Amino acid sequence: MKRLILASGSPRRKELLQQVNLSFEVKVSSIEETFDPNESPEKIAMSLALQKAKDVWKDESDAIVIGADTIVVLKNNILGKPKNEADAYEMLSSLSGQTHHVITGVAICSAQQEKVFYEKTSVTFWELSSQEIEQYIESKDPMDKAGAYGIQTLGALFVKKIDGDYFSVVGLPLARTMRELSQF
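Procedures and definitions
- Residues numbered from 1 in each chain as written.
- Predicted model: local features only at pLDDT ≥ 70, side-chain atom pairs only at ≥ 80, totals over all residues.
- Heavy atoms only, no water.
- Helix = DSSP H or I, 4+ residues; strand = E, 2+ residues; numbered from the N terminus.
- Buried < 20%, exposed > 50% of the residue type's maximum accessible area, 1.4 Å probe, protein only.
- Pairing = 2+ DSSP bridges.
- Phe/Tyr/Trp six-rings, centres within 6.5 Å; stacked < 30°, edge-to-face > 60°.

A.B. asks: What exactly am I supposed to notice about unusual backbone geometry here?
C.D. replies: Both trends apply: most residues other than glycine have a negative phi, and most peptide bonds are in trans. Residues other than glycine seldom take positive phi values, yet Asn-21 does so here, at roughly 60 degrees. Relative to the helices and strands, Asn-21 is located in the loop between helix H1 (11–19) and strand E2 (25–26). Classification of Asn-21 by relative accessible area gives exposed; the value is 70%. Phi at Lys-75 is positive, roughly 50 degrees, even though this residue is not glycine. In this fold, Lys-75 is placed in the loop between strand E3 (64–74) and strand E4 (77–79).

A.B. asks: For this particular structure, what's the right way to read the pairing of E3?
C.D. replies: When a strand is regular, its side chains alternate between the sheet's two faces. Taken across its 11 residues, E3 has 11 buried, putting it largely inside the fold. Alternating residues of E3 divide into Ile-64, Ile-66, Ala-68, Thr-70, Val-72 and Leu-74 and Val-65, Gly-67, Asp-69, Ile-71 and Val-73, and every residue in both groups is buried. Judged from the three bridges that link them, strand E1 (residues 4–6) and E3 form a sheet pairing that is parallel. Considered in E3, the bridge of Leu-4 is made with Ile-64. Here E3 runs beside strand E5 (residues 99–109); their pairing, made up of nine bridges, is antiparallel. Bridge pairing in E5 places Thr-70 opposite Thr-104. Bridge count for E3 against E4 is three bridges, and the pairing is antiparallel. Of the residues in E4, the one forming a bridge with Leu-74 is Asn-77. Counted along the chain from E3 to the antiparallel partner E4, the turn is two residues long, and its residue Lys-75 has a positive phi close to 50 degrees.

A.B. asks: Before we go on, may I ask you to explain the packing of aromatic side chains in this structure?
C.D. replies: In this description, an aromatic ring pair is defined by two values, namely the gap between the centres and the angle between the planes. Across all of its chains, the model carries four aromatic pairs by this definition. Ring geometry for Phe-125 versus Tyr-149: centroids 4.8 Å apart, planes at 70 degrees, classification edge-to-face. With Phe-125 in strand E6 (residues 114–125) and Tyr-149 in the loop between helix H4 (130–138) and strand E7 (159–163), this residue pair connects regions lying 24 residues apart in the sequence. Here the two residues Phe-125 and Tyr-149 agree in accessibility, since each one is buried.

Honestly, it's all geometry; don't read function into it.
Laid out in structure tokens, this is it:
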């Protein structure tokens with residue numbers, strides 16, 4: 001396979017690709033993440049993933065580049081990364097006892113082809129107490145994650161049920177990504 005580049009600084013995506021013994025480099029995209037808020041969450045996730053992949057690919061056109069973007073959607077509202085602790089508290093409170101969707105868009109670009117897709121997973125939270133939310137925020141874990149939680153860390157304690165690809169919630173739908181990569 002050609003040289004492979006992950007266009008993401010996410011330690012979680014890096015760990016997932018390492019988990020399947022892929023040899024790859026990391027080059028973080030420098031794009032300003034912009035999207036049309038009138039688009040569907042699925043299109044937004046795919047658009048952002050493609051923007052990231054193309055940004056890195058323009059300087060690495062001899063490689064295969066993977067871009068990804070994960071968004072959390074509750075009742076048609078996109079929950080990004082929290083701006084501060086109060087924002088994290090508000091997000092986690094809104095997710096308490098609710099089912100939300102985590103959508104990860106993935107773009108794979110090479111000189112020969114381009115593939116863009118998404119995976120959508122439903123996640124249901126237990127009812128959360130103020131104390132649980134505050135303790136979690138004190139850990140600083142939610143501060144760099146869409147929806148203010150990480151399913152692979154302490155945020156796992158909030159998850160009652162999941163329907164879909166666990167790894168997509170972590171940040172990269174691993175099996176689907178590997179299947180698509182095999183076409184390159």
